[in-house]
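Understanding the architecture of this molecule
Chain residues, written in single-letter form:
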Protein chains: 2
Amino acid sequence: MDKCAAAVALEESKLFAGISEEDIKHMMDCSKSKVQKFRTGEIICTFEGSSDKVGVLIGGEAELERVDYAGNRTVLEILAAGDVFGQTLAFGNLTGDMLDVVARSCCTVVFIPADFVSSRCSNACVRHAQFVRNMLGLISGKAQSLSERIEVLSNRSIRDKLMCYFTINCAKARADRFTMPFSFTTLADYICCDRSAMMRELGQMKEDGVVQIDKREVRLIS
Amino acid sequence: MDKCAAAVALEESKLFAGISEEDIKHMMDCSKSKVQKFRTGEIICTFEGSSDKVGVLIGGEAELERVDYAGNRTVLEILAAGDVFGQTLAFGNLTGDMLDVVARSCCTVVFIPADFVSSRCSNACVRHAQFVRNMLGLISGKAQSLSERIEVLSNRSIRDKLMCYFTINCAKARADRFTMPFSFTTLADYICCDRSAMMRELGQMKEDGVVQIDKREVRLIS
DNA sequence: CGCCGTTTGTTGCGCTTGCAACACCTCGGC
DNA sequence: GCCGAGGTGTTGCAAGCGCAACAAACGGCG
């Protein structure tokens, strides 16, 4: 993929939203960004050192993995086209574990030197404003969703955790129902409890008539 | 306090770190920032609508509180001089509760219109770069600490939560020991469990010889 | 079709944990 | 001095929950 095609794809990304294709091309030159391709299973990026660059996935699917001292891999996040990753955006390297981004399919990635974000834009000042706004929006969106999860996890019982999760998502949907974006197994991971215990509680809640569940659609009663 | 004195105080804040007093004065004019004083107990700021401004606490102490539907107030955060608060930085308004910042003592606050952060800096371009870097650093630092707490909360048992918290903080201190920044009561809140249950487990752990605790200093064994 | 991996659903056992109710200490104000 | 507020430390009890071990349904694939 050449720079021109990359610019078209970047226009769809969250980081370059609202910036014209032409301006993006200009910014890519200015920042000395690089386009790179990866095959399924290849490691796109690892956060051991201080590789200060931001990556935008413009094609394919990838995942952010944690590798602990024993070599166990845990998927922290699934990245789709348009998603952004990077030192500033990838948190959790606190226990000293390694973090890396791995291609799940054939991926195309644009790497942007991190200092470009805050650089003094001699020739790209106009579009920089939008770029910075997007960057701030991305990180604070990330923080928002982290804080949302803490909100859920701060409840003591499984029932309260579920109710909290359901309530938040119904509020987001501005309705008394919403559709879960993932499986029950993943939900149990999200709220950090045993899946079977969660299923048991979910059964109780249905029996008590506080929720109705059809496939992945959850409905809160009253 | 006049603008000049405010600029001196701002130089110490996290948001303006690395920017000269003179440049800050310039930026305050440019952004039409306002300096305001508050008495103990006064509400500095509330996040119900979309008040898009960033506040820097340059004197006194304040707290970020959540007020739920029943009127119960929970302290989410303590703010000291130099700390920054604002829409982008204050998360958690997810359950529809109100959030507000309340003065704990006599406070001086500088309010900066939020769009200044990403504004196209006709006359302040040079210092803007540092300002944006600081802003990004603040938010991503916030996200980092949120993610740290999730790391802790994602453990199932109290023992594992404690071990996780201790390990992370020892790693931060680059030692086998560290000093807790708060009381045991607050620690129980942080890891979201019953205080008495935590004390019981802490006793067990001391007995098992995996930790030593003296006042607020925690030491991990082996 | 048959085989596979993944997700869903269920149950019993027993430890862990939350809850309530204590007693004790320190600190600061009056 | 006395008092109250807030932190610390302990205990009994009931139940919530994790864990292990199942069975069954689903979807992809040769």
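Heads up: these notes are all about the structure in this document. (Residues numbered from 1 in each chain as written. Chains lettered and ligands numbered in written order. Predicted model: local features only at pLDDT ≥ 70, side-chain atom pairs only at ≥ 80, totals over all residues. Heavy atoms only, no water.)

1. Observations concerning helix α7 (residues 195-207) of chain B
Residues and elements named next belong to chain B.
- Compared with the 18 Å implied by 1.5 Å per residue over 13 residues, the 18 Å span of α7 between its first and last C-alpha is a close match.
- Of all the residues in α7, the buried ones are Ala197, Met198, Leu202 and Met205. Down the axis of α7, the smallest arc covering the buried residues is 140 degrees, so these residues share one side. For α7, exposure combined with an orientation more than 90 degrees from the buried face picks out Arg200 and Glu207. (Helix = DSSP H or I, 4+ residues; strand = E, 2+ residues; numbered from the N terminus. Expected span 1.5 Å × (residues − 1). Buried < 20%, exposed > 50% of the residue type's maximum accessible area, 1.4 Å probe, protein only. Arc of directions from axis to C-beta.)

2. Section: the pairing of strand β3 (residues 53-59) of chain A
Residues and elements named next belong to chain A.
- Within β3, six of the seven residues are buried, which leaves the element mostly enclosed by the surrounding structure.
- Relative to strand β8 (residues 107-113), β3 runs antiparallel, the two being bridged by six bridges. Bridge pairing in β8 places leucine 57 opposite valine 109.
- Two elements, β3 and strand β6 (residues 84-86), share three bridges in a ladder whose sense is antiparallel. Bridge pairing in β6 places glycine 55 opposite phenylalanine 85. (Pairing = 2+ DSSP bridges.)

3. Focus: the protein's contact with DNA strand C
- Taken together, 16 residues sit near DNA strand C, with Thr185 and Met199 of chain A together with Ser157, Ile158 and Arg200 of chain B positioned nearest.
- Arginine 200 of chain A places a polar side-chain atom, nitrogen or oxygen, 3.1 Å from a base oxygen of DNA strand C.
- Those elements giving two or more residues to the surface near DNA strand C turn out to be α6 (184-190) and α7 (195-207) of chain A together with α7 of chain B.
- The residue makeup of the surface near DNA strand C, split by class, is five nonpolar, five polar and six charged. (Near = heavy atom within 4 Å. Polar contact = N/O pair within 3.5 Å; in protein donor to acceptor, adjacent residues only side chain to side chain. Nonpolar A, V, L, I, M, F, W, Y, C, P; charged D, E, K, R; others polar.)

4. Comments concerning the pairing of strand β11 (residues 217-220) of chain B
All names here are of chain B.
- Every second residue of β11 is oriented toward a common face, the buried set being Val218 and Leu220 and the non-buried set Glu217 and Arg219.
- Relative to β11, strand β9 (residues 177-179) runs antiparallel, the two being bridged by three bridges. Within β11, the position partnered with threonine 179 by the bridge is glutamate 217.
- Strand direction decides the pairing type here: strand β10 (residues 211-214) and β11, joined by four bridges, are antiparallel. Following the sheet pairing, glutamine 212 is matched in β11 by arginine 219.
- Once β10 ends, the chain turns through two residues before running back antiparallel as β11, passing lysine 215 with a positive phi of about 55 degrees.

5. Thoughts on the sheet that holds β9 of chain B
All names here are of chain B.
- Pairing is antiparallel in the open sheet, where three strands are placed in the order β9-β11-β10. Taken across any chain shown, the strands that pair with only one partner, and hence form the sheet edges, are β9 and β10. Looking at each pair of strands side by side, their axes are set apart by 15 degrees on average, direction ignored.
- Packed onto the sheet, helix α5 (residues 158-173) meets β9, β10 and β11 and runs at close to 95 degrees relative to β9. (Axes fitted to C-alpha atoms, helices over the stretch in contact; angles between N-to-C directions. Contact = heavy atoms within 4.5 Å.)

6. Focus: the protein's contact with DNA strand D
- In the region of DNA strand D, 16 residues are neighbours, and Ser157, Ile158 and Arg200 of chain A together with Arg156 and Phe184 of chain B sit closest.
- In DNA strand D, atoms within 4 Å of the protein come 49% from sugar and phosphate.
- In the model, a phosphate oxygen of DNA strand D is placed 3.3 Å from a nitrogen or oxygen of the aspartate 194 of chain A main chain.
- Note that a base nitrogen of DNA strand D is positioned 3.1 Å from one of the side-chain N or O atoms of serine 196 of chain A.
- Those elements that provide at least two residues to the surface near DNA strand D are α7 of chain A together with α6 (184-190) and α7 of chain B.
- In the surface near DNA strand D, the residues fall into five nonpolar, five polar and six charged.

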